[in-house]
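As a plain string of letters, each chain reads:
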Amino acid sequence: MSTNKLNNNEKQVELQKYRDLVLATLDYYLDNPELQIKSADFDSVEHFKGLKKQSEEHFQKGRLSILKQWFRDMTEVYVEAGDLKFNKYLQDKTRYKIDILKSYFQRVDKVIEKGKITTDNQFYDINIMVDQLCQTKPLNKKKIELLNNLLADYNQRKTKTTKKPNA
């Protein structure tokens, strides 16, 4: 019988992996001056340094789901852009055999296979894929239509659950 729950050792390994990946991603931002913003109200260097401290706190407190979500959020722009340079940076910096694009495509394939979007994260992944497909020549009209139908179905179901009937 297979379980989704990680044992303590597996969770510790995953925690360390995602902490390392989040920290490497933040270092990527810090190492690239073109990604930095400084204004009277905001300093991205200080912001990223603060996120590094928070990442360590989440690691110490065993908050794997937060680290995974942060990694996903911080790498979304690179997945969307198909940035292989960033993926190589992560591999070199962390020594993990990670492929953010491969895992993205696997997530999209799982949704297609299931025939249904069930989470907001899946919705965002499918949305990104539609955007990518619409910019790729030749157009894969069949796949775009399939994905748009999944997005519309999810949107419709989500709208129904947010509207509360008068009782």
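Quick note: structure is the one above.
Note that the coordinates shown come from a computational prediction; the quantities given were computed from them, not determined experimentally.

Trainee: Break down the packing of aromatic side chains for me, with residues and values.
Mentor: Tallying each qualifying case throughout the model produces 10 aromatic pairs. Look at Y28 and F86: their rings are 4.8 Å apart centre to centre, the planes differ by 70°, and that puts the pair in the edge-to-face class. Of this pair, Y28 sits in helix α1 (residues 8–31) while F86 sits in helix α4 (residues 84–94), and the two are 58 residues apart along the sequence. For F86, a relative accessible area of 0% gives the class buried. Three or more aromatic residues joined by ring pairs form one cluster here, namely Y28, Y29, F48, Y78, F86 and Y89.

Trainee: Give a detailed account of the packing of helix α5 (residues 100–114) against helix α6 (residues 120–134), specifying residues and quantitative values.
Mentor: Between α5 and α6, the shortest axis-to-axis distance is 10 Å and the interhelical angle comes to 105°. On the basis of their axis angle, the class for α5 and α6 is roughly perpendicular. Along the contact surface, α5 presents Y104, F105, R107, V108, V111 and K114, while α6 presents Q122, D125, I126, I128, M129 and Q132. Each residue belonging to the contact of α5 with α6 can be placed in one class, and the counts come to 7 nonpolar, 2 polar and 3 charged.

Trainee: Which residues make up the packing of α1 against α4, and what are the values?
Mentor: Relative orientation of the contacting elements α1 and α4 amounts to 120°, with a least axis distance of 10 Å. Here α1 is positioned oblique relative to α4, judged by the angle of their axes. Note that α1 runs across α4; the crossing there is right-handed. Two secondary-structure elements touch here, α1 through D20, L21, A24, T25, D27, Y28 and D31 and α4 through K85, F86, Y89, L90, K93 and T94.

Trainee: Tell me about the side chain of D125, residues and numbers included.
Mentor: Its place among the elements puts D125 in helix α6. A polar side-chain atom of D125 sits 2.8 Å from a polar atom in the side chain of R72. Here R107 takes part through its side chain, which lies 2.8 Å from a polar atom of the side chain of D125. The residues touching D125, leaving out its near neighbours within four places in the chain, are R72, Y104, R107 and V108.

About the cut-offs
As a convention, each chain's residues are numbered from 1 in the sequence order in which they are written. Reporting of local features is limited, given that this is a predicted model, to residues whose pLDDT is at least 70; pairs of side-chain atoms are given and counted only at 80 or more, and all residues count toward the totals for whole chains, interfaces and linings. For the side-chain quantities, the full set of heavy atoms in the structure was used; hydrogens and water were omitted. Two rings from Phe, Tyr or Trp (for Trp, the six-membered ring) form a pair when their centres sit within 6.5 Å of each other. Planes less than 30 degrees apart are called stacked, planes more than 60 degrees apart edge-to-face, and all others tilted. Numbering goes from the N terminus for both helices and strands, where a helix is a DSSP run of H or I of at least four residues and a strand is a run of E of at least two. For every residue, the accessible area (1.4 Å probe, protein chains only) is compared with the maximum for its type, and the residue is labelled buried under 20%, exposed over 50%, or partly exposed between those bounds. Axis definition: a line fit to C-alpha positions, over the contact stretch in the case of helices; interaxial angles, taken between N-to-C directions, run 0 to 180 degrees. Oblique is the label for any angle not under 35 degrees, not over 145, and not in the 65 to 115 range, which are roughly parallel, roughly antiparallel and roughly perpendicular in turn. Residue contacts are counted whenever heavy atoms from the two residues lie within 4.5 Å of one another. Residues are sorted three ways: Asp, Glu, Lys and Arg are charged, Ala, Val, Leu, Ile, Met, Phe, Trp, Tyr, Cys and Pro are nonpolar, and all the rest, Gly among them, are polar. Each crossing gets its handedness from the near helix: less than a right angle anticlockwise from the far helix is left-handed, clockwise is right-handed. As used in this structure description, the phrase polar contact means that two N or O atoms lie within 3.5 Å; if the pair is within protein, one of them must be able to donate a hydrogen and the other to accept it, and residues adjacent in sequence are counted only when both atoms belong to side chains.

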